[in-house]
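# Coordinate analysis (summary)
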Amino acid sequence: MFVDNRHWPPPPPWQPERPIRRLTAKQARVMRNIVVFNLIMLIFGPLAGVTLLDAVAAALR
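Treat the numbers as computed from the prediction; the structure is a model and nothing was measured.

### Looking at the overall build of the protein
- A count of helices and strands for the protein gives 1 helix and 0 strands.
- C-alpha extents for the protein along the principal axes are approximately 100 × 30 × 15 Å.
- Within the protein, the fraction of its 61 residues that count as buried is 0%.
- Total accessible area on the protein stands at roughly 6800 Å², and carbon and sulfur atoms take up 68% of it.

Written out as structure tokens, the structure is:
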């Protein structure tokens, strides 16, 4: 009896490629709001930090 072992183990069964995941409308809106908030804090965050440092320095005098 002849046994053909050239293609052993057999290849996995074919599966279609998964589609590219997309953001839903709600997820896109939340992502946009987070980015806008971070950009605003990039501008106003250092100003608030300086104000707090000035308050601490004034309290220590």
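### Thoughts on a nonpolar patch on the surface
- On the surface, Leu23, Met31, Val35, Val36, Phe37, Leu39, Ile40, Met41, Leu42, Ile43, Phe44 and Leu47 cluster together into a nonpolar patch covering about 1200 Å² of accessible area.
- Take Leu23: it is sitting in the segment before α1 (25-60).
- Leu23 gets classed as exposed once you look at its relative accessible area, which sits at 53%.

### So, the environment of Thr51
- Secondary-structure assignment places Thr51 in helix α1.
- A residue is classified by how much of its surface remains accessible, and Thr51, at 52% relative accessible area, is exposed.
- Separated by 17 residues in sequence, Thr51 and Ile34 place their C-alpha atoms 24 Å apart.

So, how was this worked out
Residues numbered from 1 in each chain as written. Predicted model: local features only at pLDDT ≥ 70, side-chain atom pairs only at ≥ 80, totals over all residues. Heavy atoms only, no water. Helix = DSSP H or I, 4+ residues; strand = E, 2+ residues; numbered from the N terminus. Buried < 20%, exposed > 50% of the residue type's maximum accessible area, 1.4 Å probe, protein only. Areas by Shrake-Rupley, 256 points an atom, 1.4 Å probe, with all protein chains shown as cover. Patch = residues over 30% accessible without salt bridge, like charges linked within 9 Å, V, L, I, M, F, W, Y side chains within 5 Å. Salt bridge = Lys/Arg side-chain N within 4 Å of Asp/Glu carboxyl O.

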